[in-house]
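Listed below, chain by chain, are the residues.
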Amino acid sequence: MASVLEKTIRSAVTAGVGAVAGLNRKRLDGENAFMRGIHTPMAEELTLQDLPVTGTIPAELDGRYVRIGPNPHYGEAKGHHWFVGDGMVHGVKLSGGRAEWYRNRYIRSNRIEERAGLKAAPGPRRGMSDTVNTNVVQFAGQTLAMVEAGSYPAILSDELETIAYSDFGGGLAGSFTAHPHEDPATGEFHAICYDATQPKRITHVALGADGKVLRELPIAVENGPSIHDCAVTENFVLIFDLPVTFSMKALIAGQQFPYRWNAAHRARVGLLRRDSDTVSWHDVDPAYVFHVANSYEEDGGRVVVDVCAYETMFDGDMAGPFGKPLGLERWTIEPASGAKVERAPIDTAPQEFPRCDERFFGRPYRFAWSTGLPQEGDEEFFAAAPLIRHDLETDEKTERNLGEHAVPGEFVFVARSADAEEGDGWLMGYVIDRASGTTDLAIIDATTLADVARVHIPHVVPPGFHGNWMPA
């Protein structure tokens, strides 16, 4: 444990860096694509009842689709990064073939109370930052909003109000993640967590189906890597220790997201055994991964993980996640040999937000869906691009273009029933219409990619990160 003197020195250094960063931020460019256009923050919290619908909402859909993203309340664009804006959840409740309501609500952080006067939710905090803006899941009977590398999760009510921040009943000591993955066979959630204040360590957190922390295992790393996602198989948790690391230079320069491409950082994938603290590390050609489609073990013991990969990421000062996309790749790892990770393309078209039928997560699977990215990149990250369905058994790819002015975000798969065959169900996600300045919650047949229903929202829901269908 650090002595009082060590803590005092660290506090003084942090304060000094913060002061210099604040001065340098004033010199930065005030133009920021993630503060205008489709990313313009919403000014109000709304409740809209009985939304108009085109098509027919399937009777099986009884619950809420909830997605979260940044909605910066402050007006300072200098040094702003899309990843750090104040969190706002957007949800639509479906029941009986009706769209009962749309709601958007800020996560009630201390910063929102300071800036907007909205009373902060109670509950434990980690350090100074309690911004939560990256994912929303249903877990152990609660709706949890999450972020990586900092704040504890926030518990939301069914109406999307922030009830409290949670450290899982006191069981969580360190940071959490935006991407815990459930093993459907056990109900356990697994997460790989990092913290900028701990550059030599990441943590594996395992949660039981009852919401209790089963373990919080420290794992040694170098340079403070940014690890957005992880993966789970029957015997392993996969760790993506890739060349995006904490950058003191970016922090001092006034950038609010101080992580940059680090060509000197060893790119590797770790296989952590779920039944021990043993990690085998496997080198991989330099790349970066935000999101995993799925992962599993072959009969011979090799580990397979399908990812959306980038050649580089954050290679310079930028306001969003810009890098050269390589499409959907299959990475294969031999646990026993320590051999280098084998990489093979599945589809080289630019794409992101891969999702599978999560009843099959961690096990062999057939179908994956993703959202296309613009071929040449876009300053807003999103643009008109197709939805994509991959049949990994037949190598068949199906695309659906939503329209010249349509901007889709992440789509999630919703099974028709608990015992439906893999891939039998719907895709669900928000689609912005640039021309009309409106948004649809689109419900799409997961096999044909044809429209089933559209719930019409009379404003732009700013592009966000992740969400999920939460059955009643």
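So, here is what we can say about the structure in this document.

Rules of the game
Residues numbered from 1 in each chain as written. Predicted model: local features only at pLDDT ≥ 70, side-chain atom pairs only at ≥ 80, totals over all residues. Heavy atoms only, no water. Salt bridge = Lys/Arg side-chain N within 4 Å of Asp/Glu carboxyl O. Helix = DSSP H or I, 4+ residues; strand = E, 2+ residues; numbered from the N terminus. Buried < 20%, exposed > 50% of the residue type's maximum accessible area, 1.4 Å probe, protein only. Core = buried A, V, L, I, M, F, W, Y, C linked by side-chain atoms within 4.5 Å. Pairing = 2+ DSSP bridges. Phe/Tyr/Trp six-rings, centres within 6.5 Å; stacked < 30°, edge-to-face > 60°. Lys NZ or Arg CZ within 6 Å of the ring centre and 35° of its normal. Patch = residues over 30% accessible without salt bridge, like charges linked within 9 Å, V, L, I, M, F, W, Y side chains within 5 Å. Areas by Shrake-Rupley, 256 points an atom, 1.4 Å probe, with all protein chains shown as cover. Contact = heavy atoms within 4.5 Å. Disulfide = S-S within 2.5 Å. Polar contact = N/O pair within 3.5 Å; in protein donor to acceptor, adjacent residues only side chain to side chain.

1. Here's the deal with the pattern of salt bridges
Side chains bearing opposite charge may pair, as long as their charged atoms lie close to each other. All chains considered together, the criterion is met by 34 salt bridges. Between arginine 260 and aspartate 317 there is a salt bridge, with its nearest N and O atoms 3.0 Å apart. You can see arginine 260 sitting in strand S17 (residues 259–261) and its partner aspartate 317 sitting in the loop between strand S21 (303–310) and strand S22 (325–333), a full 57 residues away along the chain. Taking relative accessible area as the criterion, arginine 260 reaches 8% and is therefore assigned buried. Accessibility expressed as a relative area gives 52% for aspartate 317, which makes it exposed.

2. Observations regarding the nonpolar core
Ranked by internal contacts, the top residues of the largest apolar core, which has 54 residues, are Leu238, Phe240 and Trp331. Counting only elements with at least two residues in this core, the list comes to strand S13 (213–220), strand S15 (236–241), S17, strand S18 (268–273), strand S20 (288–297), S21 and S22. Formed by 24 residues, the second largest nonpolar core is a distinct cluster that contains Leu61, Val92, Val412 and Ile457.

3. Quick look at the sheet that holds S18
What links the strands of a sheet is backbone hydrogen bonding, and the strands pair in either a parallel or an antiparallel sense. Within the open sheet, the four strands sit side by side as S14-S15-S18-S19. Their pairing is antiparallel. Each edge of the sheet is formed by a strand with only one pairing partner; in this case those strands are strand S14 (231–232) and strand S19 (279–283). Both S14 and S15 contribute to a ladder of two bridges, which runs antiparallel. By the bridge assignment, valine 232 is partnered in S15 with valine 237.

4. Digging into the packing of aromatic side chains
Within the structure shown, the criterion is met by 27 aromatic pairs. Here the aromatic rings of phenylalanine 290 and tyrosine 310 are separated by 5.8 Å at their centres, their planes lie at 80°, and the arrangement is edge-to-face. Highlighted residues: phenylalanine 290 in strand S20 and tyrosine 310 in strand S21, separated in sequence by 20 residues. In terms of burial, phenylalanine 290 and tyrosine 310 fall into one category: buried. A cation sits over an aromatic face here: arginine 103 above tryptophan 101, 4.4 Å from the ring centre.

5. Some remarks on a nonpolar patch on the surface
On the surface, a cluster of nonpolar side chains totalling about 220 Å² of accessible area is made up of Val20, Met248 and Ile252. Take methionine 248: its relative accessible area is 39%, and that puts it in the partly exposed class.

6. Quick word on the side chain of histidine 39
Its location among the elements puts histidine 39 in the loop between helix H1 (4–25) and strand S1 (47–51). In this structure histidine 39 touches Ala33, Phe34, Trp82, Glu380 and Pro463, once residues within four positions along its chain are discounted.

7. Regarding the state of the cysteines
A complete count under the given rule lists zero disulfides for this structure. Left without a disulfide partner, cysteine 230 is nearest to the cysteine sulfur of cysteine 193, which lies 8.2 Å away. Judged by its relative accessible area of 0%, cysteine 230 is buried. Looking at cysteine 308, it has no disulfide partner, and the nearest cysteine sulfur is the one in cysteine 356, 12 Å off.

8. Some remarks on the environment of alanine 287
Mapped onto the fold, alanine 287 is located in the loop between S19 and S20. Judged by its relative accessible area of 0%, alanine 287 is buried. Along the backbone, alanine 287 and leucine 326 are 39 residues apart, and their C-alpha atoms lie at a distance of 9.2 Å. Ignoring any residue separated from it by four or fewer positions in sequence, one finds alanine 287 in contact with Leu242, Pro243, Trp261, Tyr310, Glu311, Trp331 and Arg343.

9. Re unusual backbone geometry
Of note, the phi angle at alanine 149 is positive, near 70°, even though the residue is not glycine. Positive phi is not limited to glycine here, since leucine 449 has a value of about 65°. Residue placement: leucine 449 occurs in the loop between strand S31 (438–445) and strand S32 (451–457).

10. Looking at the environment of phenylalanine 411
Inspection of the secondary structure puts phenylalanine 411 in the loop between strand S28 (406–408) and strand S29 (412–415). In this structure, the C-alpha to C-alpha distance between phenylalanine 411 and alanine 185, residues 226 residues apart in sequence, is 24 Å. Phenylalanine 411 has contacts with Arg355, Thr371, Leu387, Leu427, Met428, Gly429, Tyr430, Val431, Ala442 and Ile444, leaving out every residue within four places of it along the chain.

11. Describing the environment of threonine 448
Following the sequence through the fold, threonine 448 ends up in the loop between S31 and S32. As a C-alpha pair, threonine 448 and glutamine 375 span 73 residues in sequence and 24 Å in three-dimensional space. A distance of 3.2 Å separates a polar side-chain atom of threonine 448 from the backbone nitrogen of alanine 450.

12. Structural notes on the sheet that holds strand S10 (residues 181–182)
Read across the open sheet, the four strands follow the order S10-S11-S12-S13; overall the sheet is antiparallel. Unpaired on one side and paired on the other, S10 and S13 mark the two borders of the sheet. Pairing of strand S11 (residues 189–193) with strand S12 (residues 201–207), which is carried by five bridges, proceeds in the antiparallel orientation. Looking across to S12, one finds that phenylalanine 189 is bridged to leucine 207.

13. Topic: the pairing of S32
With three bridges joining them, strand S2 (residues 53–55) and S32 adopt antiparallel strand pairing. Pairing of glycine 55 across the sheet is with alanine 453, part of S32. In terms of strand pairing, S31 meets S32 through six bridges, oriented antiparallel. When the bridges of S32 are listed, leucine 441 appears paired with valine 455. With antiparallel pairing between neighbouring strands as the criterion, S31 and S32 make up a hairpin whose turn holds five residues, including leucine 449 at a positive phi of roughly 65°.

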